[in-house]
Amino acid sequence: MGTMTEDSLSNIAQAFRLEEVRVPGGKQTLEDIVGELYEKVRPSLLAYVYQMVISTSDAEDLVQIAFLKLFDHLKGKTEVSNLRSWLYRVAHNLAIDQIRRVDRRSSLIQEWFPDGVTLVIAESAEEQLVRRQQIESALEVLNDRERSCLMLRAEGLSYKEVSEVLGISAKSVSVYLARGLKKFEVNNEKTT
Amino acid sequence: MKKLHDVESLIPRHLDDADLIALLDGELVPPSQDQAREHLESCWNCRTRLNSVQDSIQSFLRVRQELLPDDFPPSGPFLRQFRQRLTDHRQKPTSESWKLTEAVWTLRNHLLNAAFALKRHRKPLLALAMAFVILVVTFADPFNSTLSAKTILMRASGYELVRVRLASDVVRSRVRLERIDLSTEKETPLGEISLVQDCRTPLVSIAVQSALGEVKEKTVDALDADLEGFHAFPFPGVFEDSLGKYFATQEWFPDVSIAGYQSLIAGRGTDQDFAIRQGDLIELRHPFAPGHPSGITEVQLFLDAGTYTPQQICMFVSDGAQRWEYRLIRDSLEFVPRSAELAEFFSRSATKTGSLQEMQSVHNGFPESKSSPGPAPLSYFESKATDAEVSVAVALHQVDACLGEEVNIFPMSDGSILVQGLVDWPNRQAVIQQALSALARPPQVKVYTPMDLKADAHLYDPPDQLHGTELAFLHQQGPIVMPTGLSGGEMPLYDRLFEYYSKRAKASGLRFTPEDIQKNVASFSNQVVTLSRQALFHAWAVKKLEIEFSPDRVSQLSTAALHQVEMIRQDHRRQVSAISRRLTTQLAEVVPEVYGSSSQSKVGGDSENLFQLVNRQYDLTRQLFTTSEEEPNTAARDMSRLMALLHQIN
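Residues numbered from 1 in each chain as written. Chains lettered and ligands numbered in written order. Predicted model: local features only at pLDDT ≥ 70, side-chain atom pairs only at ≥ 80, totals over all residues. Heavy atoms only, no water.

So, the overall build of chain B
Of the regular secondary structure elements, chain B holds 20 helices and 12 strands. Pairs at least 24 residues apart make up 64% of the contacts formed inside chain B by residues separated by at least 6 positions. Split by element, the accessible area of chain B, about 32800 Å² in all, is 53% carbon and sulfur. (Helix = DSSP H or I, 4+ residues; strand = E, 2+ residues; numbered from the N terminus. Contact = heavy atoms within 4.5 Å. Areas by Shrake-Rupley, 256 points an atom, 1.4 Å probe, with all protein chains shown as cover.)

Structure (structure tokens):
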């Protein structure tokens, strides 16, 4: 694996809003670069994927796969613009595939059972789970688009980047954000 | 971005939320940005709105943070793991050449078959190594190609070989056979088949119970090619002659397995097939050639889409005039360690048939084992309550096992206590067992899930003799109203609720779609019915408690125990009141005009009276808030009756 040029390194750093992408010791292979990116971007990407798949191990796996794809993408390519939205888009699509794969039935039942039912079927040892379900119900008023827009924006993506991840226009991002936030606010007032 | 200054700058337009958020996000481009800033300086309204938008962003971020698990992102050697994965990935060929062709899958299955044979010939290590290699290949497959029925079947067959036929544990599976008349849709159960496959020898023990309860057992050598008469063994006379002949030719045995399915379709005389994905199930359809001598027109296989585990086989048969279906449903598939008992069974089965009793234990109580002699359960009417019984009741109450679960405390003839019952989920089973094992004198616990019950459990009649029609509510599924199942008129209060939520949506100033509002209606109805059901559970618990610790039974109890019983009773009564208060508040908001139209009579201490009242309110709630036959115009009357009842209960 050849080393990266200074230019492409600074482009990558810029795309990920990092001060620099540099591995101590001088010699930098693409593996080193992607490894370093993984270390730095993982927490934020993981948080985004987690809120979609609600499983830390699945999220961790999907994030790693996204970075493997990033490695393939960077290999032999000099064009490295929009890398961040590219990576989020890959992870987003992987998460959607994953959601389709896992058993949707049980989650649907949980979604439609109001909170009272947990008293009957859930044991008190699982209070934490119940709490999470309740918090999640705070977001259930949002549709997928609104939720994704808000979550991506919360991870610090610009409107343009969000629009690239979700394949919609930047203007729509602005509208989804406003609508989502408004719905969230109304629902939040209702529950608190 | 709207143009801020219209014809006259005297009437400036206010900024909308999207503009405000974009301004905060630095996403407005210079001319609009300056205009927005200028407007904000002069407009109190927009400035206040800006602050509240900022508050919403903050609370959204807070909720988002709370949604994450406590130790997020998880720490661990993830970087090292990723670097390793990356190195492996780099050395792998490009993803295009990963895609396995059907030929490769066929080859792989042949390899697996070879491994299977090796295992039977006592070279398990080599077989294991091969299986491992094949597994790695299997899981490296990217699963992103469009799958044909053939590919799915081949993959499923590979998985089955690895998981079931090469399993290192004894595999126990059970299948139900039904016949369905397609003109009348009448289902006739034909029997059950239980298979126990040894992991060290090629022996399979087959036990069959016909619909009449007749039981037969046979242990066969799966590698033995001479299985004359074996395929007709399970249900003589059940299948039509033409069908039986076809099964014998194909060497098909009524079981839900991929290998079996493959032999079933092998002689169908056509190549047509379809694969349909239905949620988490894959449905494979294999039509038979028209006029096939067996009479079969089509067979279908249902697989779990995630694990490729076969779940059900449907076989459609026609004799020209009539059409019917044979349905084989796999009820269970479990892997059990090869215990000494199992080892002995299989070693002796090679030479002779085991005893019926032995067979029953190998097949996990199939058919239902006879109850063994021992202490007998007493009813509450022929025994006295003890302090130990009270402490069991307290422990059960603490884990809510008295709410809608059929868990009973049985005083036994030898003075011991048995807790027996049926719960829905294995985790409830564990909770109850744990709560009871913590007692100073833990009772014997036999709490089953429906799955165990089919296998070997025997439930005694409840000691309070309350079984019967009143218990019906325990078996009703919890109410789930899906928004898609709601259309005007099906639920009596639907229009009313829809109107209410539409108004609220309007007041919020947001554009809610009709689906959003339907979702709200469904959610509200579910909540009301669930609350109402809970009240019923508590009232039921009070009633049960009064029989369990009736004045006749408590003469030997200590004061402390009596006090504990009273505490449980009060606890349930408090819950009933609290729930009816909550229901009253919720309903009054939606249907305010009936609020306050109630009578004020008070409920006495009689638990039967309380139960009847709560039961009536539950019936009414279900009638009003789930899809029912009720006319919307009688709904108003029922609604005020419900409110009156709630008042009375409260």
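A short note on the overall build of chain A
The number of helices and strands found in chain A is 10 helices and 0 strands. In chain A, the succession of α and β elements from N to C terminus is α-α-α-α-α-α-α-α-α-α. A burial count over chain A gives 53% of its 192 residues as buried. Taken as a whole, chain A presents about 9000 Å² of accessible surface, with 50% of it coming from carbon and sulfur. (Buried < 20%, exposed > 50% of the residue type's maximum accessible area, 1.4 Å probe, protein only.)

Considerations on the pairing of strand 4 (residues 215-221) of chain B
Residue and element names in this part refer to chain B. The pairing of strand 3 (residues 203-210) with strand 4 spans 7 bridges and is antiparallel. Counted as the bridge partner of glutamine 209 is valine 215 from strand 4. Connecting the antiparallel pair strand 3 and strand 4 is a turn made up of 4 residues, with glycine 213 showing a positive phi of about 95°. (Pairing = 2+ DSSP bridges.)

Describing the nonpolar core
Residues A:Phe16, A:Leu45, A:Val49, A:Phe67, A:Leu70 and A:Leu87 are the most contacted members of the largest nonpolar core, which totals 78 residues. By residue number, the principal contributor to this core is helix 2 (residues 30-53) of chain A, which donates 14 residues. The residues touching A:Phe67, leaving out its near neighbours within four places in the chain, are A:Val34, A:Leu37, A:Tyr38, A:Val41, A:Leu45, A:Leu87 and B:Phe82. The next biggest cluster of nonpolar side chains, apart from the first, holds 39 residues, and it includes B:Met491, B:Ala539, B:Leu624 and B:Phe625. (Core = buried A, V, L, I, M, F, W, Y, C linked by side-chain atoms within 4.5 Å.)

Section: the packing of aromatic side chains
Under the definition given, this model contains 12 aromatic pairs over all chains. On the basis of an interplanar angle of 75° and a centroid distance of 5.9 Å, the ring pair of A:Phe67 and B:Phe82 is categorised as edge-to-face. Here A:Phe67, found in helix 3 (residues 56-74), pairs with B:Phe82, found in helix 4 (residues 78-91), and the two come from separate chains. Like A:Phe67, the residue B:Phe82 is buried in the burial classification. (Phe/Tyr/Trp six-rings, centres within 6.5 Å; stacked < 30°, edge-to-face > 60°.)

Considerations on the environment of B:Asp304
All names here are of chain B. Counting through the fold element by element, aspartate 304 comes out in strand 7 (residues 296-304). Overall, aspartate 304 belongs to the partly exposed group, its relative accessible area being 23%. Once the C-alpha coordinates of aspartate 304 and glycine 279 are considered, the two residues, 25 residues apart in sequence, prove to be 9.5 Å apart. Leaving out residues up to four positions away in the same chain, aspartate 304 has contacts with Asp280, Leu281, Thr309 and Gln311.

With respect to the sheet that holds strand 11 (residues 417-422) of chain B
All names here are of chain B. Ordered by their spatial adjacency, 3 strands build an open sheet running 10-11-12, and the pairing between neighbours is mixed. Looking at which strands have only one partner, the edges of the open sheet turn out to be strand 10 (406-411) and strand 12 (444-448). Strand-to-strand twist of the sheet, defined as the mean angle between neighbouring strand axes without regard to direction, takes the value 15°. Two elements, strand 10 and strand 11, share 6 bridges in a ladder whose sense is antiparallel. (Axes fitted to C-alpha atoms, helices over the stretch in contact; angles between N-to-C directions.)

Focus on the pairing of strand 10 of chain B
Of all the 6 residues making up strand 10 of chain B, 5 are buried; the element is thus mostly covered by neighbouring parts of the structure. Counting the residues in the hairpin turn of strand 10 of chain B and strand 11 of chain B gives 5 residues, including B:Gly415, whose phi is positive at 90°.

Describing the packing of helix 17 (residues 514-548) of chain B against helix 18 (residues 559-590) of chain B
Residue and element names in this part refer to chain B. The N-to-C vectors of helix 17 and helix 18 enclose an angle of 155°; their axes lie 9 Å apart at closest approach. Of the possible angle classes, the one that applies to helix 17 and helix 18 is roughly antiparallel. Note on packing geometry: the crossing formed by helix 17 with helix 18 is left-handed. (Parallel < 35°, antiparallel > 145°, perpendicular 65-115°, else oblique. Left-handed = near helix turned anticlockwise from the far one by under 90°.)

Observations regarding the packing of helix 16 (residues 494-508) of chain B against helix 17 of chain B
Residue and element names in this part refer to chain B. Contact geometry for helix 16 and helix 17: axes closest at 9 Å, N-to-C directions at 120°. Of the possible angle classes, the one that applies to helix 16 and helix 17 is oblique. When the axes of helix 16 and helix 17 are compared, the crossing they make is right-handed. Across the interface between the two elements, Tyr494, Leu497, Phe498, Tyr501, Ser502 and Ala505 from helix 16 touch Pro514, Ile517, Gln518, Asn520, Val521, Phe524 and Ser525 from helix 17. Class assignment of the residues belonging to the contact of helix 16 with helix 17 gives a composition of 9 nonpolar, 4 polar and no charged. (Nonpolar A, V, L, I, M, F, W, Y, C, P; charged D, E, K, R; others polar.)

Let's talk about the side chain of B:His292
Residues and elements named next belong to chain B. Looking at where histidine 292 falls in the secondary structure, it is placed in the loop between strand 6 (281-287) and strand 7. For histidine 292, a relative accessible area of 11% translates into the label buried. Not counting residues within four places of it along the chain, the set of residues in contact with histidine 292 comprises Tyr246, Gly267 and Arg268.

A short note on the pattern of salt bridges
A full pass over the atoms with the stated rule returns 24 salt bridges over all chains. The residue A:Glu60 makes a salt bridge to A:Arg42 at a minimum N-O spacing of 2.8 Å. With A:Glu60 in helix 3 and A:Arg42 in helix 2, the pair connects residues that are 18 residues apart, well separated along the chain. Linking B:Arg176 and B:Glu178 is a salt bridge whose minimum nitrogen-to-oxygen distance equals 3.1 Å. (Salt bridge = Lys/Arg side-chain N within 4 Å of Asp/Glu carboxyl O.)

Examining the confidence of the model for chain B
All names here are of chain B. Summing up the model confidence of chain B, the mean pLDDT is 75 and the portion of residues at 70 or higher is 74%. Scored below 50 in pLDDT, residues 94-102 shows 14 contacts in the model against residues more than four places distant or in partner chains. Below a pLDDT of 50 lies the segment residues 596-604, which in the model reaches 15 contacts outside its immediate sequence neighbourhood of four places, other chains included. Interface confidence for the predicted complex, expressed as ipTM, amounts to 0.83; the pTM equals 0.37. (pLDDT = per-residue confidence, 0-100.)

Focus: unusual backbone geometry
Of note in this structure, B:Asp400 is not a glycine but carries a positive phi near 60°. Mapped onto the elements, B:Asp400 comes out in the loop between helix 12 (387-398) and strand 10.

Side note on the sheet that holds strand 2 (residues 186-197) of chain B
Residues and elements named next belong to chain B. Read across the open sheet, the 9 strands follow the order 4-3-2-1-9-8-7-6-5; overall the sheet is antiparallel. Sheet topology places strand 4 and strand 5 (274-278) at the edges, where each strand pairs with a single neighbour. Pairwise comparison of adjacent strand axes, ignoring direction, gives a mean angle of 20° for this sheet. Across 7 bridges, strand 7 lies against strand 8 (residues 310-318) in antiparallel orientation. From the neighbouring strand, leucine 303 faces strand 8, where its bridge partner is proline 310. Taken strand by strand, helix 8 (residues 241-250) contacts strand 7, strand 8 and strand 9 (323-336), and its axis lies near 55° from that of strand 7.

Some words on the side chain of A:Glu146
Residues and elements named next belong to chain A. Tracing the sequence through the fold places glutamate 146 in helix 8 (residues 144-154). Residue class for glutamate 146 comes out buried when judged on its relative accessible area of 0%. Setting aside chain neighbours within four positions, we find glutamate 146 in contact with Val141, Tyr176, Arg179, Gly180 and Lys183.

Focus: helix 2 of chain A
Residue and element names in this part refer to chain A. The end-to-end C-alpha distance of helix 2, which contains 24 residues, comes to just 29 Å, noticeably less than the 34 Å that a straight helix rising 1.5 Å per residue would cover. A bend of about 55° at valine 41 is the largest found in helix 2, and the proline proline 43 appears one to four places after it. A large share of helix 2 lies buried, amounting to 20 of its 24 residues. Isoleucine 54 occupies a position one or two residues after helix 2 and carries a positive phi of about 45°. (Expected span 1.5 Å × (residues − 1). Bend = angle between axes of the 7 residues up to and from the residue.)

Notes on the state of the cysteines
Counted according to the given criterion, the structure contains 0 disulfides over all chains. B:Cys43 takes part in no disulfide bond, and the closest cysteine sulfur, belonging to B:Cys46, lies 3.7 Å away. (Disulfide = S-S within 2.5 Å.)

Some remarks on the environment of B:Ala266
Residues and elements named next belong to chain B. Among the structural elements, alanine 266 can be located in helix 9 (residues 258-266). Taking relative accessible area as the criterion, alanine 266 reaches 59% and is therefore assigned exposed. In sequence terms alanine 266 and phenylalanine 288 are 22 residues apart; their C-alpha atoms lie 9.9 Å from each other. Among residues more than four places away in sequence, those in contact with alanine 266 are Tyr246 and Gln250.

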